[in-house]
Amino acid sequence: MDKRYKNLLGNSVVFAVGNLGSKLITFLLVPLYTYVLTKSQYGTVDVLTTTVSVLAPIASLDIFDAVFRFIMDKSENDKSVFTNGILVTLYSASLMLIVCPVLLFFKVPLAMPFLIILLLNVLLSILQNFIRGIGFVKIFALTGILNALVLGLSNILFLVIFKFGIQGYLFSIILSFFCSILFISLITKIWRFFDLNYASITEIKKLLKYSIPLIPNALSWWFTNDASKFFILFFVGVSGNGLFAVSNKIPTILSVFFSIFAQAWQISAVSEFDKDDASEFYSKVFNLLISFSFILVALFVLFVKPFMQIYVSSKFFQSWEYVPVLLLAATFSNFSAFLGTTYLAAKRTSGIFSTTVFGMIINVAACWILIPVIGVHGAGIGGSLGFLTITILRYFQTKRFLIIAVDWNKSIFSFTLILFMIGVLLLHMPFSYLLNSIAMILILIVNRQQLLVISHKMIGFVLKGK
């Protein structure tokens, strides 16, 4: 097997062990939340955690992405990158300490747990990106499992036994972050990479020159990916946001598979970018991703309704209606993220921002127009249009420095069949399961070559070993 594919597959397997274990636990917790929390409570905590995720790169100046990218350069010193990255993080932490009394003075609800979660999220992100960059991929994966285990057990303790409600949910997140940070620190002895002798304003400026253009992109990405939650909150209400949050758990499975792949892909994308056959390598991997994604989407559409009957409580069952279009949004999000890695490898991060802005505008406009008219469905349509716009723009823009060839005939045909399946399901057409089963078979036939390639590489990896 080509060493590049072997490394990509090997790292993907390692990340899969960690991610699938952790995400499976998180996925299994959803039924618990739907029984213990009301739709309004679940909608509230979802908005809070979403806000943390969007503020993290802003509060930290997105330094964790810079740490990962520069630690991958062989010419960079590990201690220098880590030390200066941590110094930027400590600066961010000091700003949060200043903000804290202000929020408490104005009696902002849940201000203290919010700031603690934000701070721990930033610190955990920089530690995870650093250890992943220097090769501790197994520790990285195990951290994900530990995080999910602590979150799951503490949720049972605080929500089921002590019935602390929202406060218990948030404290579980804090505890899981803290344990993950402690685990990484003790196992890797991370403190040995922190040396103030390497503190340098010049190095900090170099890191920030890379990371700062990613900050507006992070905000724009949030507008494209999560702003719909606030439109739903305004036009539909907290209960509508609770349904949306639950329905989004199914598309999250797609994102989990992609994140497993993406963590390994970022390493391969950077190391192979300057090679003569980089375009061929990127093209083959992207076409495999497209085929695998469309097959997964079709499978989810086929079985989503009966699955949701047993997965969530009856008060959340309506959420199945929003899943199919959200699956498309997640798929296009993954495609655009793949192409975004090309900018990171080329160190041309400004292109990431400009393309995301266009997607943000499309998504916000669509949500503003559609959600008041068709409710939660408008969020899925807006997200799909937004991420599709980003994907198309990035595909053509990245041709300036790397050409990625896509099998358009196969991709468009598969996408058309998926649209047919979604229409059949949402319109409650007669013989819907039979029609969608036929469409599913056609998608498998069209993408059979890519499936054979994936199977061949997996078998080769297992037989030869990493």
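In this text the structure is predicted, and so the values were computed from the model without any measurement.

Caption draft 1: Local environment of the pattern of salt bridges. Tallied over the entire structure, the rule returns 5 salt bridges. For K284, the salt bridge identified is with E280, shortest N-O distance 3.1 Å. With a gap of 4 residues between them, K284 and E280 both fall in helix α13 (residues 278-311), about one helical turn apart. Since its relative accessible area comes to 43%, E280 is described here as partly exposed. The closest approach of N and O atoms between K410 and D407, which form a salt bridge, is 3.6 Å. The class for D407 is partly exposed, based on a relative accessible area of 33%.

Caption draft 2: Layout of the nonpolar core. In this structure, Y282, F286 and F338 are the most contacted members of the largest nonpolar core, which totals 128 residues. Sorting elements by how many residues they give to this core places α13 first, with 18 residues. Each residue touching Y282, except ones within four places of it in the same chain, is listed here: W265, A269, F273, F338, T342, A345, L402 and I404.

Caption draft 3: Helix α6 (residues 137-161), seen in detail. Along its 25 residues, α6 runs 35 Å from first to last C-alpha, staying within 8% of the 36 Å computed at 1.5 Å per residue. The first or second residue beyond α6 is K163, which carries a positive phi of 55 degrees.

Caption draft 4: Spatial organisation of empty space enclosed by the protein. Evaluated as defined, the whole model comprises 3 cavities of 30 Å³ or more. There is about 80 Å³ of room inside the largest cavity. Around the largest cavity sit D65, F68, R69, Y210, Q266, V270, T341 and L344, which together line it. Among the elements of the structure, α3 (63-71), α12 (249-272) and α14 (323-346) are those that each provide at least two residues to the lining of the largest cavity. If you tally residues by element for the lining of the largest cavity, the top one is α3, at 3 residues. For the lining of the largest cavity, the class distribution of residues is 4 nonpolar, 2 polar and 2 charged.

Calculation rules
- Residues numbered from 1 in each chain as written.
- Predicted model: local features only at pLDDT ≥ 70, side-chain atom pairs only at ≥ 80, totals over all residues.
- Heavy atoms only, no water.
- Salt bridge = Lys/Arg side-chain N within 4 Å of Asp/Glu carboxyl O.
- Helix = DSSP H or I, 4+ residues; strand = E, 2+ residues; numbered from the N terminus.
- Buried < 20%, exposed > 50% of the residue type's maximum accessible area, 1.4 Å probe, protein only.
- Core = buried A, V, L, I, M, F, W, Y, C linked by side-chain atoms within 4.5 Å.
- Contact = heavy atoms within 4.5 Å.
- Expected span 1.5 Å × (residues − 1).
- 1 Å grid on protein atoms, 1.4 Å probe; cavity = no way out; pocket = protein on both sides within 12 Å on 5 of 7 lines; lining within 4 Å.
- Points joined across faces, edges and corners; volume = space filled by probe spheres on them.
- Nonpolar A, V, L, I, M, F, W, Y, C, P; charged D, E, K, R; others polar.

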